[in-house]
Every structure is written in structure tokens, then in C-alpha cells.
Amino acid sequence: MRSVDSDFLSLTSLEARTLEAVFERMFPADENGAGAVQIGAARYVDRALAGAYADRIIDYQNGLAALSTESRHRFGKVFPEIAEEQQCEIIRDLEKKCLLEFDGNRFFELLRSHLQEGLFADPEYGGNRDKLGWKFLRHPGVWLENSAEENLTDKEVDKGGKIQSLGDLGSNWKIRQEPVNGYDPLRGSLPPSTEVDVILVGVGSIGAIVAPIFAKAGLRVIGLEPGPYRRNGDYLPDELGAAYYCRANMGPKFASEIPRWRRAENEPTQEATFSLGRMMNSVGGSMIHYGAWMRRFHSHHFRMESYISDRWGTNVLPERCRVADWPVSYEQLEPYYTLLEEQIGIAGDDTNPFVQRSRPLPMPATRPFRLGECFREATTALGLHPHPVAVGMNTRPYRGRPASTYTAWSNGFGSYTGDKWDPSLTCVPEALRTGNFDLRTQCRVIRILSDSEGHVDGIE
Ligand SMILES: Cc1cc2nc3c(=O)[nH]c(=O)nc-3n(C[C@H](O)[C@H](O)[C@H](O)COP(=O)(O)OP(=O)(O)OC[C@H]3O[C@@H](n4cnc5c(N)ncnc54)[C@H](O)[C@@H]3O)c2cc1C
């Protein structure tokens, strides 16, 4: 397959031809449709290396050079010029780490994930030419609403065969943003305040929720947040740029630090996988792209030790496992759950027999979905009592914010309409209105300082 692109920006001609040949072997044209070259997957990577993936250019230069070295060594020609079976042999060995002097498995995984993005991300990013990747998947692209019938059907939702991209939506999804009174994006570059009563390290979910409480009590509060103040209009309805499991441009701090973890002290640490969930770097925090399941703890969760010991005896616990009762009870916390549920706007019903509420949830439960219905039917047949999970999503207009349109972007993304609450929508403006809240974005705290008695007395 000959290249259909000649306008590569980041890759040299040999690198581009090598990448196209690799991608075409991994996703060849066949009777099911176009292959990677025609879909423009290499062009996608080339564009990304000039922008969002600029830090990976060295990986590509080294990896593609290693492929050509290997193919010259084995077959006497550079990679794009050898036969398809020979290319497949080298790619297989790349995956199995069997190349000369090159540990190729990481590069193989990088190629695989970037190939998927180039094939199936919105054409806006330079790949998925003519929506060929979506046509192959029979994916309808970007739609800003789904009907109740579509949510329930067991057939493919094909939107009548129409495939839409971000480009087709034009400005339909865009929201007009008013400036937030009292917020100045440049304040972060000013010299730090010397005396304050409260320092919020991160104006994420909890920092933002407590900001107005302190500020209204007359305390001088400073909030230091490494992300920007994102607003509804910043949340492009787009899986590549806005999803926490892809480029994660919502979590640059998370992505640049690559958190590591281990389960026990004597274990070596390993990179955190996506399953740990990516933190949002932005005023409002991870509630911006969270799943919005808002379950209360059950009453016995607050008295685990007594509960286990009354029911089974504490000797059921594995060795070295400890549990404790909380110093507060469900009954004491219940009014605060209710307060927060009213503020967030929680949708659900009262069919969960394990949770007692002093007031019904403010909104009715979400529409039934096909998957949920399968679960309901299966569990009911087993004699169980399934119930819809309470979610922080507007099932009707709520406090000036619209009802959900049940798009694919209603869960796991920032809401571009405000149908899902996060504290940047209400709490932060409320705190700023007091005049006591000094919000500084693009400010990362690197050290917490303490006095000689170990009390925290400042930050850097
Ligand atoms: C993908 C995902 C899905 C989730 N789904 C659910 C769900 O369905 N239901 C549910 O109840 N919970 C869910 N959660 C969890 C929920 O979002 C978190 O429990 C909640 O956001 C925690 O609030 P927080 O303020 O502690 O942290 P965050 O909201 O993450 O805020 C932390 C803030 O600190 C800032 N920060 C980080 N480092 C620094 C630094 N060095 N200096 C200054 N500031 C810093 C960050 O930029 C961020 O703004 C989900 C989380 C994720 C990531």
C-alpha cells in the first residue's frame, strides 16, 4: 500500500514510511475495509508528536531506527522495502523483545495504543480519514443525545447510518462562558501572601467544597491549584482529549508524574495502571470527570468492629487484619449526607432497603439502560432486590442546570452543559464572592513546612 500522505511534520521520510508499513501490517486493508495507511494512522501519530505527544518523539526515532537496523541486518534492506512476511516476522519479534540490542516490547505497546487512536479517534486529530475507522466499527461518532429507546435497545444504535465528527457538530456543542467574578488566571504569578488562616493545597473536590465554608466564616483562605479553572466550554465532547484513560489532558500533573505504587513494603514499586483512575488537575477536582455514583455508606460500615464481632466473632479476620468502629455514627452524619445530596443534585429512588434517608433524593432515578435491565432481570430471578444506584446527574433541570441528554459524554468526562454538578460550578464562585478567598491556579505545592513541634505552618 502506497502512502496517501506526503505532509509529515515530525517524522523523516524513512521514519514515516517505516511507521506506515508497521501500522499496515498490524491493521491491513482487507475485505472488511481500509487499512491503517488509507485511514491515516501514521499521519495521526506524526501530528501528535508535534503536539500532545512531543515527549515521545525520541521513542519513535529510536524504535523506528531499530526496525530498519534489524531489517538491514536480517534482509539487507530498510524496513519499508522488505516483503510483508518479513515485516511481520520483525514485528512479532519486536513484541517478543527478540530484536538485536533493542528492548522492543514497550515500543510495540506504544505503537499499538497509538495505532488505535489513529484509527478511531475523531478525524480532527489527523487520523480516521473520511471516518473510515468509525465506518469499520459501525460507530456513529459524536452525538449529543440518546433517546430513551436507544438507551434500552439491544440493537446497535446507528443513528440512521449518519456518522458525525466534531467538525460536523461545528459550534453546536459550544457553551458561552461568562467570566467568574473574583477569579484572575494571572494571580498565580503574584508573590505569595504571607499571612493567611487557611491554605487549601489543591482546590479539587474537597478543597473547593470547604472553601466557601471557611471564607463565609470570615477566615482568609488561599487556594493553590496546579490546574486551570476549567469551565463547561472547555469540555470538548471527545474521547481522546477529554477521557482520563487516553491523552488525559485533564490530568497533566498525574500524567507527567506517572504515580507508582506497591501493595507491601518489601515489594518493588510499579507504575500505576489506568484502573486506579486519573486525578483531574483543575479547580473542582476529580468530581469533574468522575462516574458520579453517589452511594452512602451503610449504617454498619461505621461500626465494622462491633458488626463483625457481633455477627461472626473477630476470629474470622485474617491474621494482621484490623478493623475499627468510627468515632461517628451513620445517624450523626445523615443530615450532612442529605445536605450534600441536595447541593450536588442526586438522582435515585428509595428502593435500596439498606439506606435510611431523612428526605427523599431530590431527583428521580436515571432512565433504565439495556445493561442495567439485563442485570435487574438476572438478579431478580435469583431472588435479589436490585435498585438503581444514586447518581449525581440531573434527570431533570435542577437549580439552573439542565437535564442530562444521556450522551456518551454524560459519564467519565467533564460536563459541557452542567448537567453533572461539580464544585467549580457553585462552591468556588460562592467562596470568591465573599472576598476572603484568594484562588491561585497553575500553582503546585511542592513542600509542606512545619514548626519545631511538627505543626504545619506553611507551604512552598
Ligand atoms: C476517574 C474517576 C472516577 C471516579 N468515580 C467516582 C464515583 O463514581 N463516585 C464517587 O463517589 N467517587 C468517584 N471518584 C472518586 C472521587 O472523584 C474522589 O474521591 C474525589 O474527587 C476526591 O476529592 P479530593 O478533593 O480528595 O481529590 P481531587 O478531587 O482529585 O482533588 C485534588 C486536587 O489537588 C490538586 N493537587 C494535586 N497535587 C497538588 C499539589 N502538589 N499542590 C497543589 N494542589 C495539588 C489537583 O490538581 C486536584 O485539583 C472517581 C475518581 C476518578 C479519578
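To start, this report covers the structure provided alongside it.

Criteria and thresholds
Residues numbered from 1 in each chain as written. Predicted model: local features only at pLDDT ≥ 70, side-chain atom pairs only at ≥ 80, totals over all residues. Helix = DSSP H or I, 4+ residues; strand = E, 2+ residues; numbered from the N terminus. Buried ≥ 20, exposed ≤ 12 C-beta atoms within 10 Å, placed from the backbone. Contact = placed C-beta atoms within 7 Å. Axes fitted to C-alpha atoms, helices over the stretch in contact; angles between N-to-C directions. Parallel < 35°, antiparallel > 145°, perpendicular 65-115°, else oblique. Nonpolar A, V, L, I, M, F, W, Y, C, P; charged D, E, K, R; others polar. Pairing = 2+ DSSP bridges. Core = buried A, V, L, I, M, F, W, Y, C linked by C-beta atoms within 7 Å. Expected span 1.5 Å × (residues − 1).

**A look at the overall build of the chain**
Then comes step 1: Across its full length, the chain holds 16 helices and 7 strands.
Then comes step 2: Expressed along its principal axes, the backbone C-alpha trace of the chain runs to roughly 75 × 60 × 60 Å.
Then comes step 3: Among the 460 residues that make up the chain, the fraction classed as buried is 34%.
Then comes step 4: Taking as baseline every contact in the chain between residues at least 6 positions apart, the subset at least 24 positions apart corresponds to 63%.

**What about the packing of helix 1 (residues 13–26) against helix 4 (residues 57–75)?**
Then comes step 1: Between helix 1 and helix 4, the least distance of the axes is 10 Å, while the angle of their chain directions is 75 degrees. Here helix 1 lies roughly perpendicular to helix 4, going by the angle between them. Every residue of helix 4 that contacts helix 1 at Leu14, Glu15, Thr18, Leu19 and Val22 is listed here: Tyr60, Gln61, Leu64, Leu67 and Ser68.
Then comes step 2: Residues belonging to the contact of helix 1 with helix 4 are distributed by class as follows: 6 nonpolar, 3 polar and 1 charged.

**Examining the environment of glutamine 116**
Then comes step 1: With respect to the helices, strands and loops of the structure, glutamine 116 is situated in helix 6 (residues 105–120).
Then comes step 2: For the pair glutamine 116 and glutamate 377, spaced 261 residues apart in sequence, the C-alpha to C-alpha distance is 35 Å.

**A closer look at the pairing of strand 5 (residues 437–441)**
Then comes step 1: Across the 5 residues of strand 5, 5 count as buried, placing the element largely inside the fold.
Then comes step 2: Burial along strand 5 is two-sided: the face carrying Phe437, Leu439 and Thr441 and the face carrying Asp438 and Arg440 are both buried.
Then comes step 3: Bridging between strand 2 (residues 221–225) and strand 5 involves 5 bridges; their strand directions are parallel. Within the sheet, the bridge partner assigned to valine 221 lies in strand 5 and is phenylalanine 437.

**Things to note about the nonpolar core**
Then comes step 1: The biggest cluster of nonpolar side chains holds 37 residues, and the ones touching the most others in it are Leu19, Phe23, Ala36, Ala41, Val45, Leu115 and Leu119.
Then comes step 2: Setting aside residues up to four positions removed in sequence, leucine 115 forms contacts with Phe23, Met26, Phe27, Ala36 and Ala41.
Then comes step 3: Core analysis: the next-biggest nonpolar cluster, separate from the first, contains 18 residues, Leu224, Cys427, Leu439 and Cys443 among them.

**Here's the deal with the packing of helix 1 against helix 5 (residues 84–95)**
Then comes step 1: Packing of helix 1 against helix 5 leaves a shortest axis separation of 10 Å and a crossing angle of 90 degrees. Classified by the angle their axes make, helix 1 and helix 5 are roughly perpendicular. Between helix 1 and helix 5, the contacting residues are Ala21, Val22, Arg25 and Met26 on the first element and Glu84, Gln87, Cys88 and Ile91 on the second.
Then comes step 2: Among the residues forming the contact of helix 1 with helix 5, the class breakdown is 5 nonpolar, 1 polar and 2 charged.

**Details of unusual backbone geometry**
Then comes step 1: One non-glycine residue, lysine 131, adopts positive backbone phi at about 60 degrees.
Then comes step 2: Here lysine 131 lies in the loop between helix 6 and helix 7 (132–137).
Then comes step 3: Positive phi, close to 55 degrees, is recorded for tyrosine 406, a residue that is not glycine.
Then comes step 4: Mapped onto the elements of the fold, tyrosine 406 is located in the loop between helix 15 (370–381) and helix 16 (427–433).

**Here's the deal with the environment of glycine 40**
Then comes step 1: Within the fold, glycine 40 resides in the loop between helix 2 (36–39) and helix 3 (41–49).
Then comes step 2: As for glycine 40 and arginine 129, which are separated by 89 residues in sequence, their C-alpha atoms are 5.9 Å apart.

**Description of the pairing of strand 7 (residues 456–459)**
Then comes step 1: Two elements, strand 6 (residues 448–450) and strand 7, share 3 bridges in a ladder whose sense is antiparallel. Bridging from a neighbouring strand, serine 450 pairs with valine 456 of strand 7.
Then comes step 2: Taking the residues between adjacent antiparallel strands as the criterion, strand 6 and strand 7 are bridged by 5 residues, where glycine 454 takes a positive phi near 85 degrees.

**Observations concerning the sheet that holds strand 5**
Then comes step 1: Taken together, 3 strands build an open sheet; the order of strands is 1-2-5 and the sheet is parallel. The sheet is open, and its two edges are formed by strand 1 (198–201) and strand 5, each paired on a single side. Strand after strand, the sheet turns through a mean of 15 degrees between neighbouring axes, direction not considered.
Then comes step 2: Against the sheet, helix 10 (residues 205–216) contacts strand 1, strand 2 and strand 5, and its axis sits at roughly 165 degrees relative to strand 2.

**Section: helix 14 (residues 330–344)**
Then comes step 1: The terminal C-alpha atoms of helix 14 lie 20 Å apart, and with 15 residues this matches the ideal 21 Å at 1.5 Å per residue to within 8%.
Then comes step 2: Looking one or two places after helix 14, you find glycine 345, whose phi comes out positive at around 85 degrees.

**Notes on the environment of methionine 250**
Then comes step 1: Mapped onto the elements, methionine 250 comes out in the loop between helix 11 (239–242) and helix 12 (252–257).
Then comes step 2: Methionine 250 gets classed as buried once you count the C-beta atoms within 10 Å, which come to 25.
Then comes step 3: Sequence-wise, methionine 250 and serine 286 are 36 residues apart; in three dimensions their C-alpha atoms are separated by 9.5 Å.

Structural measurements only, silent on function.
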